[in-house]
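# A closer look at the structure
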Amino acid sequence: MSILEILGGILLVIGSIFLFLGSLGIYRMPDVFNRLQAGTKASTLGAMATILGVGLLAPGWILKIIIIILFIGYSNPISSHALARAMHKRKAFMYFKGEEIDAYKEIEEKDNTEK
Amino acid sequence: MNYIIYFSLTVMILALILSAIRFYKGPSAGDRTLALDTMTTIGVSGIVLLSYMYNRYIYLDVALVYGVLGFIGVIVIARYLEKAL
Amino acid sequence: MKSDYFKKLSFGTKMSRFFMNWIFLMMVWLGFTNSFAPQELLVGVFLTALISFLGIRLFTCCDLSLLHPVRLFNILKFIVVFLIALIKSNLDVARRVLSPSLPINPGIVKFKTKLTKNFAKMVLANSITLTPGTLTIDIVDDTFYIHWIDTLTTNPEEAFKEIAEQFEEILLKIF
């Protein structure tokens, strides 16, 4: 076993565990924004680590692997941002521990008065 | 080496099951879309892993196109939910 | 209005944008084909030139000045800072998800940024989404609205210091 294979195996294990943690976060969190937080971060790093691990195991594929990694790192935050804004505009349930802290409300009130 | 790949695939399938539960239960459309997005990401890494397991370079293209389509789908659903489409 | 903006640009700016897009698309093409065979390279050169010519109004992010060595060094520095923040944020998510009591205190805060270019704002928003406990909800002009999983403060300046300062000072040097 070469050093690349050992590194690739470690990355595979770490990445799949982070993918699992992301799904666990989606399952456990109380409202849609916290689910987005956990899901986006953990599944992005998990997918990146897994795919990079495959790239280290098969070094001839590394260029396309890098393209896939860059695409995932670019697209996941954008889709989570679009979903978060849509759900806030639909007045989805928001979980607050103590008092309500919501600075984005002012924008929506302005939008409503303009209409 | 094979055992590591089997372990990773097993953990990914557990993650898929957890997201599928959220997809089934999810109180709002946003939760379901989020679960779908996560399942797409897990699916992309699973396809890349399978392409290494079967030693087929061409499967990487499948993973890339699947990722692109999933991203576009989530954006379209989000814009629709925002009543902006 | 958009075409007005485009007509005002000088010929040199347009050409430097075109070449930057060409170089970038050529790198993507090399990644797609994963080979250095001459026929593939030839097709790639023509196709990417065509795409960057047709899309010169759309891809407005950067021009050739991005290849200046100081900027390249700053881009590398940004990538390192970003990767460290990404790993930290994942450990943070793991800690929150695995502890039985779910230690979260969510809220939405806002702050202002000094960046002016749209592309730089997008990079900053994406980096914020992937760093510990924060999620960009919207950008209105120069105000960022951030969902924070553990709201420490509602004051805009302190929130800015806590969330975005390390990225913004590097991004200001790049763009």
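Relevant structure appears above.
Below is a summary of the structure that appears in this document. (Residues numbered from 1 in each chain as written. Chains lettered and ligands numbered in written order. Predicted model: local features only at pLDDT ≥ 70, side-chain atom pairs only at ≥ 80, totals over all residues. Heavy atoms only, no water.)

This next bit is on the overall build of chain C. On a plain count of helices and strands, chain C comes out with 7 helices and 3 strands. Along its sequence from the N terminus, chain C presents helices and strands in the succession α-α-α-α-β-α-β-β-α-α. For 175 residues, the compact-globule estimate of 2.2 N^0.38 gives 16 Å, and chain C exceeds it by more than 25% at 20 Å. Taking the principal axes of the C-alpha coordinates as reference, chain C spans close to 60 × 40 × 30 Å. Every one of the 175 residues in chain C was classed for burial, and the buried ones make up 46%. Within the structure as shown, chain C displays about 9,700 Å² of accessible surface, and the carbon and sulfur contribution to it stands at 70%. (Helix = DSSP H or I, 4+ residues; strand = E, 2+ residues; numbered from the N terminus. Rg over C-alpha atoms; globule rule 2.2 N^0.38 Å. Buried < 20%, exposed > 50% of the residue type's maximum accessible area, 1.4 Å probe, protein only. Areas by Shrake-Rupley, 256 points an atom, 1.4 Å probe, with all protein chains shown as cover.)

Attention now moves to the packing of aromatic side chains. Counted under the stated rule, the structure contains 8 aromatic pairs over all chains. Ring pairing ties together the aromatic residues F18, F19 and W22 of chain C, which thus form one cluster. (Phe/Tyr/Trp six-rings, centres within 6.5 Å; stacked < 30°, edge-to-face > 60°.)

Take helix 2 (residues 29-53) of chain B next. Residues and elements named next belong to chain B. Across its 25 residues, helix 2 extends 36 Å between first and last C-alpha, which sits within 8% of the 36 Å expected from 1.5 Å per residue. In terms of residue burial, helix 2 counts as a mostly covered element, since 18 of its 25 residues are buried. Looking one or two residues past helix 2, N55 carries a phi angle of roughly 60°, positive in sign. (Expected span 1.5 Å × (residues − 1).)

Residues and elements named next belong to chain C. Put simply, helix 4 (residues 69-98) and helix 7 (residues 165-174) touch, their axes get as near as 9 Å, and they point 160° apart. Relative to helix 7, the element helix 4 is oriented roughly antiparallel. The handedness of the crossing between helix 4 and helix 7 is left-handed. Contacts from R71, N74, I75, K77, F78, V81, F82 and A85 of helix 4 reach helix 7 at Q166, F167, I170, L171, K173 and I174. For the contact of helix 4 with helix 7, a count of residues per class yields 9 nonpolar, 2 polar and 3 charged. (Axes fitted to C-alpha atoms, helices over the stretch in contact; angles between N-to-C directions. Parallel < 35°, antiparallel > 145°, perpendicular 65-115°, else oblique. Left-handed = near helix turned anticlockwise from the far one by under 90°. Contact = heavy atoms within 4.5 Å. Nonpolar A, V, L, I, M, F, W, Y, C, P; charged D, E, K, R; others polar.)

Residues and elements named next belong to chain C. Burial of strand 3 (residues 143-148) is extensive: 6 of the 6 residues sit out of reach of the surface. Burial along strand 3 is two-sided: T143, Y145 and H147 facing one way and F144, I146 and W148 facing the other are all buried. With 6 bridges connecting them, strand 1 (residues 107-112) and strand 3 associate as antiparallel partners. Note that in strand 3 the partner of V109 across the bridge is I146. As consecutive antiparallel partners, strand 2 (residues 134-140) and strand 3 are separated by 2 residues, and within that stretch D141 has a phi angle of approximately 50°, a positive value. (Pairing = 2+ DSSP bridges.)

Our focus in this paragraph is the sheet that holds strand 1 of chain C. The sheet built from 3 strands is open, its strands ordered 1-3-2 (chain C) with antiparallel pairing. Across the chains shown, the open sheet's two edge strands, defined by having one partner strand only, are strand 1 and strand 2 of chain C. Neighbour to neighbour, the strand axes of the sheet diverge by 25° on average, direction disregarded. Running at roughly 70° to strand 2 of chain C, helix 3 (residues 62-89) of chain A makes contact with strand 1 and strand 2 of chain C of the sheet. Running over the sheet, helix 6 (residues 156-163) of chain C touches strand 1, strand 2 and strand 3 of chain C and is turned about 90° from strand 1 of chain C.

Its location among the elements puts S45 of chain B in helix 2. When residues no more than four places from it in sequence are discounted, the contact partners of S45 of chain B are L19, A47, T50 and I51 of chain A together with M12 of chain B.

With that out of the way, let us pick up helix 5 (residues 118-129) of chain C. Residue and element names in this part refer to chain C. Given a rise of 1.5 Å per residue, 12 residues ought to cover 16 Å, and the 17 Å separating the end C-alpha atoms of helix 5 matches this to within 8%. Buried residues dominate helix 5, accounting for 9 of its 12 residues. By the burial criterion, the buried members of helix 5 are A120, K121, V123, L124, A125, N126, S127, I128 and T129.

Contacts between the two partners involve 41 residues from chain C, matched on the other side by 43 residues from chain A. Here chain C packs against chain A, burying approximately 3,700 Å² in sum over the two surfaces, 69% of which is carbon and sulfur. Looking only at chain C, the three residues that lose the most surface to chain A are V97, I108 and I137 of chain C, adding up to 16% of its buried area. Applying the counting rule to chain C against chain A returns 1 salt bridge. The closest approach of N and O atoms between R85 of chain A and D138 of chain C, which form a salt bridge, is 3.4 Å. Where chain C packs against chain A, one counts 12 residue pairs in polar contact (both at pLDDT 80 or more). (Buried area = accessible area lost by both parts, 1.4 Å probe. Salt bridge = Lys/Arg side-chain N within 4 Å of Asp/Glu carboxyl O. Polar contact = N/O pair within 3.5 Å; in protein donor to acceptor, adjacent residues only side chain to side chain.)

Contact with chain B, which involves 46 residues of that partner, is made by 42 residues of chain A. Interface area for chain B against chain A, summed over the two sides, is near 4,000 Å², with a carbon-plus-sulfur share of 77%. On inspection of chain B and its partner chain A, the count reaches 4 salt bridges. Notably, a salt bridge pairs D61 of chain B with K64 of chain A, separated by 2.4 Å at the nearest N-O pair. The interface formed by chain B and chain A includes 9 residue pairs in polar contact (both at pLDDT 80 or more). Secondary structure elements with two or more residues in the side of chain B that touches chain A: helix 1 (2-25), helix 2 and helix 3 (59-81) of chain B. When residues in the side of chain B that touches chain A are grouped by element, the largest group, 14 residues, is from helix 2 of chain B. Residue classes in the side of chain B that touches chain A are distributed as 26 nonpolar, 11 polar and 9 charged.

With that out of the way, let us pick up the pattern of salt bridges. This structure, assessed with the given rule, holds 9 salt bridges over all chains. Put simply, R85 and K89 of chain A, R79 and E82 of chain B together with D138 of chain C are held in one network by salt bridges that share partners.

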